[in-house]
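Letter by letter, the chains look like this.
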Amino acid sequence: MATADIVALVLLAVLALYLASLYNRLTTRRNRLRNAFAQIDVQLKRRYDLIPNLLETVKGYLQHERQTLTALAEARNNARDSLQAAAAQPGDSARIARLSQDQSALDQVLDRLHLSLEAYPELKASQNMAQLSEELTSTENKVAYARQAFNDAVTDYNLCKQQVPALFFAGLFGHRADAALLQFADSAQIQDASKVSFQ
């Protein structure tokens, strides 16, 4: 065997090992991204489950705020549907953008409800409302933490596939599109959980 043949075989072996390593790194990062989204999924579902309790607690006091209560129910349902679509493909930028929009809309309706509740001190003092407020605040904190972990996983995945020489091979392994960060219209709103508090 000639020296050139040995060098060519060694180079092919090195390339094959690199490609196998790249495939494993990309797959690992995509699975971390999916796991991070699963944590968001859990927290947002918990949040959506709390909203009917909130509606039930306040609807007796807010009879004349029926429009706000209806808007809250609709915003919750839209956000829940977007979450289900995004959970099916957490790296899809269009689905993540839709989830971001629907979450922002839900946050706006919750803010409107909070402003309406200011006129009802007896409701704010109720034990059910206090407990619900605590659960919502806790959930908002968990959503913010899970979102940060997801965005970190997205960044790690995108960096891995965008660097040379991985950039040239990532598409061959099914990693064509970049994953999208989950950003809400008002990021400060998610991090300031007190805006959801009814106390």
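Values in this document were obtained by computation on a predicted structure and should not be read as measured data.

Visitor: Kindly report on the overall build of the protein, identifying the contributing residues and their values.
Guide: Helix and strand counts for the protein come out as 7 helices and 0 strands. Put simply, the protein runs from its N terminus to its C terminus through helices and strands in the order α-α-α-α-α-α-α. Its C-alpha radius of gyration of 23 Å places the protein more than 25% over the 16 Å reference for a compact globule of 199 residues. Sorting the 199 residues of the protein into buried and exposed places 39% on the buried side. Partitioning the contacts of the protein with sequence separation of at least 6, the portion at a separation of at least 24 is 80%. Total accessible area on the protein stands at roughly 10,700 Å², and carbon and sulfur atoms take up 54% of it. Across the protein, the mean location of the 21 positive side-chain charges is 6 Å away from that of the 21 negative side-chain charges.

Visitor: Summarise unusual backbone geometry; cite the residues concerned and give the values.
Guide: Going from Val164 to Pro165, the amide bond is cis rather than trans, its omega being 5 degrees. Summarising the element assignment, Pro165 is placed in the loop between α5 (127–162) and α6 (166–169).

Visitor: Describe the pattern of salt bridges, listing the residues and the values that go with them.
Guide: A full pass over the atoms with the stated rule returns 6 salt bridges. The closest approach of N and O atoms between Arg47 and Asp107, which form a salt bridge, is 2.4 Å. With Arg47 in helix α1 (residues 3–58) and Asp107 in helix α3 (residues 93–117), this residue pair connects regions lying 60 residues apart in the sequence. You'll find Arg47 and Asp107 in the same group, each marked buried. Here Asp178 ties to Lys161 by a salt bridge, and the two come within 2.8 Å at their closest N and O atoms.

Scoring rules and cut-offs
Residues numbered from 1 in each chain as written. Predicted model: local features only at pLDDT ≥ 70, side-chain atom pairs only at ≥ 80, totals over all residues. Heavy atoms only, no water. Helix = DSSP H or I, 4+ residues; strand = E, 2+ residues; numbered from the N terminus. Rg over C-alpha atoms; globule rule 2.2 N^0.38 Å. Buried < 20%, exposed > 50% of the residue type's maximum accessible area, 1.4 Å probe, protein only. Contact = heavy atoms within 4.5 Å. Areas by Shrake-Rupley, 256 points an atom, 1.4 Å probe, with all protein chains shown as cover. Lys, Arg positive; Asp, Glu negative; His and termini not counted. Charge placed at Lys NZ, Arg CZ, Asp CG, Glu CD. Salt bridge = Lys/Arg side-chain N within 4 Å of Asp/Glu carboxyl O.

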